[in-house]
Amino acid sequence: VYSAREVSVPDGYEANYEDCGNTTVITNTRFGQLVIKKTTTGDIPAGSLFTFYITGRNAAGDIIFQSNAVLKSGESIAFTIPDGTYKVTELQNDGYKLLSVKLRGQAVPITDYGTTFETGTSSQTEIEFNNKYEPPWYFHKEHRVQNIFE
């Protein structure tokens with residue numbers, strides 16, 4: 001019985017082996033790192049949490065990666081991901097406005113409270129989401145509303 005294995009798999013790749021009778025198919029998949037960073041502008045309520053959803057698809061449109069993360073302001077999290085097209089979205093929190101999303105340090109358009117990107121040739125992709133807390137309006141007991149129809 002014989003088997004085939006790569007002697008050295010290049011950094012950033014993972015080798016997968018499929019034995020097909022008298023043939024062994026070796027597929028190298030390139031992996032990179034996705035870092036999601038959470039920042040806020042101004043004061044925020046203590047203990048505020050922000051939820052992120054990550055979905056990756058290959059060229060055929062198949063889901064190749066799915067995960068979620070919960071972060072506080074100032075925290076970040078890293079994922080090891082295969083090459084593909086990724087969508088990262090932040091769950092909308094009451095009272096918060098998404099001010100900006102930066103991809104690899106550059107501001108990008110916000111779509112569906114997040115952004116979509118391709119891993120490309122980058123070994124690390126960093127996305128930063130920045131929110132501002134805008135408390136809901138309320139009336140203090142000393143505020144009075146005047147009836148303009150009197």
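Above this text you will find the structure in question.
What you see is a predicted model, and the numbers here were worked out from it, not measured in a lab.

Basis of the calculations
- Position numbers for residues start from 1 in each chain and track the written sequence from start to end.
- Only residues with pLDDT of at least 70 get local features here, since the model is predicted, and only at 80 or more are side-chain atom pairs given and counted; chain-wide, interface and lining totals rely on the full set of residues.
- Side-chain metrics in this entry use all non-hydrogen atoms of the structure; hydrogen atoms and water are not considered.
- For two strands to be treated as a pair, DSSP must find at least two bridges joining them.
- Here a strand is any run of E in DSSP of at least two residues, a helix any run of H or I of at least four, and the numbering for each starts at the N terminus.
- Whether a residue is buried, partly exposed or exposed follows from its accessible area with a 1.4 Å probe, protein chains only, as a fraction of its type maximum: under 20%, in between, or over 50%, in that order.
- Contact definition: two residues touch when any of their heavy atoms are within 4.5 Å.
- Any pair of Phe, Tyr and Trp rings, taking the six-membered ring for Trp, is counted once the centres come within 6.5 Å. Such a pair is stacked with planes under 30 degrees apart, edge-to-face with planes over 60 apart, and tilted for the rest.
- Fitting a line to C-alpha atoms yields each axis, with helices limited to the stretch in contact; the angle taken between N-to-C directions then spans 0 to 180 degrees.

Asker: Could you give an account of the pairing of strand β7 (residues 96-103), naming the residues involved and the relevant values?
Answerer: Across seven bridges, β7 lies against strand β10 (residues 124-133) in antiparallel orientation. Bridge pairing links Leu-98 to Asn-131 in β10. The pairing of β7 with strand β8 (residues 106-107) spans two bridges and is antiparallel. Counted as the bridge partner of Lys-102 is Ala-107 from β8. Turn length for the β7-β8 hairpin, with the two strands adjacent in sequence and antiparallel, is two residues, and the turn residue Arg-104 shows positive phi of about 55 degrees.

Asker: How would you explain the environment of Ser-67 if you had to name every residue and give the values?
Answerer: Mapped onto the fold, Ser-67 is located in strand β4 (residues 63-71). Assessed through its relative accessible area of 25%, Ser-67 is described here as partly exposed. In contact with Ser-67, not counting residues within four places along its chain, are Phe-52, Tyr-53, Ile-54 and Phe-79.

Asker: Go over the packing of aromatic side chains, please, and point to the residues and values.
Answerer: This structure, assessed with the given rule, holds six aromatic pairs. With 5.1 Å between their ring centres and 80 degrees between their planes, Phe-50 and Tyr-96 make a pair best called edge-to-face. Placement of the pair is Phe-50 in strand β3 (residues 50-57) and Tyr-96 in strand β7, with a sequence separation of 46 residues. When sorted by exposure, Phe-50 lands in the same class as Tyr-96, which is buried. Ring pairing ties together the aromatic residues Phe-65, Phe-79, Tyr-86 and Phe-117, which thus form one cluster.

Asker: So what's going on with the sheet that holds β4? Which residues, and what values?
Answerer: Read from one edge to the other, the open sheet built from four strands follows the order β4-β3-β6-β9, with strand pairing classed as antiparallel. Of all the strands in the sheet, just β4 and β9 (114-118) have a single pairing partner and so form its edges. Recorded for the sheet is a direction-independent mean angle of 15 degrees between the axes of neighbouring strands. When β3 meets β4, the two strands line up antiparallel, connected through eight bridges. Residue pairing for β4: Arg-57 is matched across the bridge by Ile-63.

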